[in-house]
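Here are the chains, one letter per residue:
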Amino acid sequence: MCGIIGYTGERSAGPLIMEALRRLEYRGYDSTGLALFDHGSSFFVARAAGKIDQLASRVEGRLPAAAAGIGHTRWATHGAATDANAHPHLDPSGRVAIVHNGIVENYEELRTALLARGRHFASDTDTEVLAHLIADALEAGRDLPAAVRDAVARTTGAYALVAIDRDEPGRLVAVRVGNAGGIVVGRGEREHFVASDLAALLPHTREVAFLEPGELADVRAAAASFCTLAGEPLDRPFEAQTLDPIAAVRGRYKHFMLKEIWEQPDGLLDAVRGRYLLAPAHVALEGFPFDAERVRQFTRVVLIGMGTSWHAAMVGRHYIERLARIPAEVDNAAEFGYRRAILDEHTLVISVSQSGETVDLLAAMEVARRAGCAQLTVCNTPGAQTTRVADGTIYMRMGPEIAVASTKCFTGAMVALHAIALHLGRARGTLDPAEAEAQVAGALHLPAAVGEALLLAPAIEQLAKRYAAYENFLFLGRGLSFPLALEGALKLKEVSYLHAEGYAAGEMKHGPIALIDERMPTVALAPSDELRDKMRSNIQQLKARRGRVVAIVSAGDASLSALADDMLTLPDTDQLLVPFVAAVVMQLLAYYVALERGCDVDQPRNLAKTVTVE
Ligand code: AGP
């Protein structure tokens with residue numbers, strides 16, 4: 001959840017770290033801070049609760065000409081968002097400064113033992129105990145890498161950490177413990193970086209090396225070396241990354257969220273190009289690791305994800321059962337990890353994650369690995385942890401997604417799952433050629449269809465003005481539209497702080513209809529599929545109880561215009577692909593309602609882009 005940056009080289013570390021913190025702010029923005037090697041015998045340390053601008057105003061004109069340092073953006077786990085709890089944290093003597101992402105689970109026990117030895121703590125965080133432990137090991141004569149390893153050995157939990165020692169200017173030691181947030185090391189000309197993710201490094205270098213869990217990097221300006229937590233040397237090659245640094249900036253858009261909604265046609269073009277092919281209709285799925293023989297051995301598919309990725313997995317389930325005819329189920333990744341599922345080598349587990357670092361998902365993948373399942377992962381982030389755990393990766397290819405609210409990676413995940421379903425169906429011989437033709441043609445048309453859906457933006461902006469004053473919303477859908485109802489509700493609640501619930505429309509009479517009156521509007525997804533008339537009945541029941549209804553319908557369907565209070569018409573697509581154009585409507589509705597309510601769209605309160613703590 002937190003953002004970490006470290007620099008050591010010939011340039012001035014202060015401005016570099018401040019600029020990187022701005023790129024990392026989407027990972028957490030409860031507080032920020034930095035520590036720089038000053039030429040004296042102490043660190044220059046500055047910390048501030050709130051966003052990066054608070055820190056910037058404190059260091060304006062005061063940054064020393066340091067050649068190395070560390071920085072941090074915080075999403076609070078232990079201790080409120082205050083100056084005192086902001087990272088970096090130091091030991092009492094001021095010799096060690098550290099930044100940390102994740103949780104030290106046994107910190108209270110360690111803190112109690114240190115207090116009993118007369119130590120004092122300046123913060124309420126779990127992080128601070130690590131500064132004490134590292135300083136103690138340094139005082140006992142260990143060098144910085146060994147001191148960090150000793151400290152880590154006394155902890156339990158999952159985290160990433162970067163430590164610096166005042167007596168060794170220019171040396172950074174980074175470590176990754178368990179499946180918490182990643183650490184990536186960047187190599188430049190006579191300079192090196194460490195960061196929690198690629199976005200912070202892209203303007204400076206694309207030569208990077210990723211730390212695996214249980215690994216340590218010893219980094220100086222001229223070189224970096226790697227070892228295990230046991231101290232065994234590791235050969236960790238630097239790889240060239242292709243991510244486009246320009247794509248990670250906002251450009252002419254007011255918000256990253258709006259930019260990423262509008263990037264979907266281009267992103268989907270990248271996602272389908274060279275992957276969906278005609279004559280004969282099929283998909284070329286690079287990264288798919290199983291041959292036809294192995295595919296035919298799969299007896300069931302389990303799809304797992306969290307949040308928006310979970311909703312995409314729910315759509316993917318429909319695709320796999322309809323196109324590949326394999327029994328498929330979907331689980332919230334956290335719940336999957338708890339339920340002692342019956343798994344074996346004939347189960348294909350497909351994980352979905354934009355970041356590839358979500359801790360609940362990584363834990364669920366470990367459960368699947370232990371059970372011997374085949375694993376495929378859908379991810380948008382090259383080199384992310386999920387891509388190193390699964391047998392193969394199908395990349396979303398949607399470009400960096402910065403806004404906390406996931407939009408383009410929802411459609412990116414769905415199209416990857418659609419391609420996987422087609423590939424599985426073809427390998428199993430369950431895919432009718434005419435169906436394959438229709439689905440490939442439909443997928444190749446998606447960039448245009450989603451582009452057409454974006455033309456609804458002005459109408460949705462006006463609709464949002466009429467509905468932004470409501471405090472509660474219901475989203476209803478059936479079949480393929482049920483996950484869209486869940487996603488529409490999630491988008492709205494996370495960026496506008498409104499209470500919104502997504503429901504299977506068939507559930508209405510089983511309780512939720514008690515909520516309906518003139519204060520509870522409903523967004524009803526009613527595309528022209530075999531369930532449309534049932535949705536019509538739902539809408540009639542809502543209207544009979546004075547509920548306001550926004551109906552989302554298919555092109556050419558005017559049958560609900562007299563019944564619904566407002567109606568949005570989707571562009572024409574194959575029935576299986578309606579979720580893509582409906583997603584755009586859900587995303588734009590949430591965006592414009594949040595804007596109308598003056599919310600911080602890109603950095604909603606209490607949230608962070610990647611959930612690396614359970
Ligand atoms: C979606 O808008 C949310 N930000 C959140 O639910 C997110 O989808 C979830 O945390 C999963 O993230 P992932 O795709 O990176 O695993």
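Residues numbered from 1 in each chain as written. Predicted model: local features only at pLDDT ≥ 70, side-chain atom pairs only at ≥ 80, totals over all residues. Heavy atoms only, no water.

A. Expanded view of the overall build of the protein. In terms of regular secondary structure, the protein is built from 18 helices and 27 strands. What you see for the protein is a C-alpha radius of gyration of 25 Å, in line with the 25 Å of a compact globule of 614 residues. Viewed in the frame of its principal axes, the protein has a C-alpha envelope of about 75 × 55 × 45 Å. When burial is assessed residue by residue, the protein has 60% of its 614 residues classed as buried. Residue pairs in contact within the protein that sit at least 24 positions apart in sequence constitute 72% of those at least 6 positions apart. Working note: accessible area of the protein is about 22100 Å², and carbon and sulfur atoms make up 51% of it. (Helix = DSSP H or I, 4+ residues; strand = E, 2+ residues; numbered from the N terminus. Rg over C-alpha atoms; globule rule 2.2 N^0.38 Å. Buried < 20%, exposed > 50% of the residue type's maximum accessible area, 1.4 Å probe, protein only. Contact = heavy atoms within 4.5 Å. Areas by Shrake-Rupley, 256 points an atom, 1.4 Å probe, with all protein chains shown as cover.)

B. Fine view of the site of the ligand. Close contacts around the ligand come from 15 residues, with Ser309, Ser353, Ser355, Thr358 and Glu494 the closest. One of the side-chain N or O atoms of Ser309 is found 2.6 Å from an oxygen atom in the ligand. About the coverage of the ligand: the protein hides 91% of its 410 Å² of free accessible area. At the level of elements, helix H9 (307-324) and helix H16 (481-496) are the ones that each hand at least two residues to the shell around the ligand. (Near = heavy atom within 4 Å. Polar contact = N/O pair within 3.5 Å; in protein donor to acceptor, adjacent residues only side chain to side chain.)

C. Structural context of the sheet that holds strand E6 (residues 96-104). Taken in spatial order, the seven strands line up as E5-E6-E7-E8-E12-E13-E14 in an open sheet, and their pairing is antiparallel. Each edge of the open sheet is held by one strand with a lone partner, namely strand E5 (89-90) and strand E14 (233-234). Here five bridges tie strand E8 (residues 172-177) to strand E12 (residues 215-219), and the two strands are oriented antiparallel to one another. In the sheet register, Val175 faces E12, and the bridge partner there is Leu216. (Pairing = 2+ DSSP bridges.)

D. Examining the packing of aromatic side chains more closely. Scanning the model with the defined rule gives eight aromatic pairs in all. Residues Tyr470 and Phe473 carry aromatic rings whose centres are separated by 6.2 Å and whose planes lie at 80° to one another, so their mutual orientation is edge-to-face. Like Phe473, Tyr470 is buried. Site record: aromatic cluster; members linked through ring pairs are Phe288, Phe290 and Phe298. (Phe/Tyr/Trp six-rings, centres within 6.5 Å; stacked < 30°, edge-to-face > 60°.)

E. Summary view of the pairing of strand E23 (residues 472-477). Counting buried positions along E23 gives five out of six residues, so the element sits mostly inside the fold. Sheet analysis places E23 next to strand E24 (residues 499-504), joined by six bridges and oriented parallel. Bridging across to E24, Gly477 finds its partner in Ala504. For the crossover that starts at E23, traverses H16 and ends in the parallel E24, the hand is right-handed. Note that E23 and strand E25 (residues 522-526) share three bridges and pair parallel. Among the inter-strand pairings, Leu476 is bridged to a residue of E25, identified as Ala524. (Right-handed = clockwise from strand over helix to strand, strands pointing away.)

F. Inspection of the nonpolar core at higher detail. In terms of nonpolar packing, the biggest core is built from 106 residues, with Ile320, Ile350, Val378 and Phe475 touching the most fellow members. When residues of this core are assigned to their parent elements, the largest contribution, 15 residues, is made by helix H18 (residues 578-596). (Core = buried A, V, L, I, M, F, W, Y, C linked by side-chain atoms within 4.5 Å.)

Limitation: the analysis is restricted to geometry and does not speak to function.
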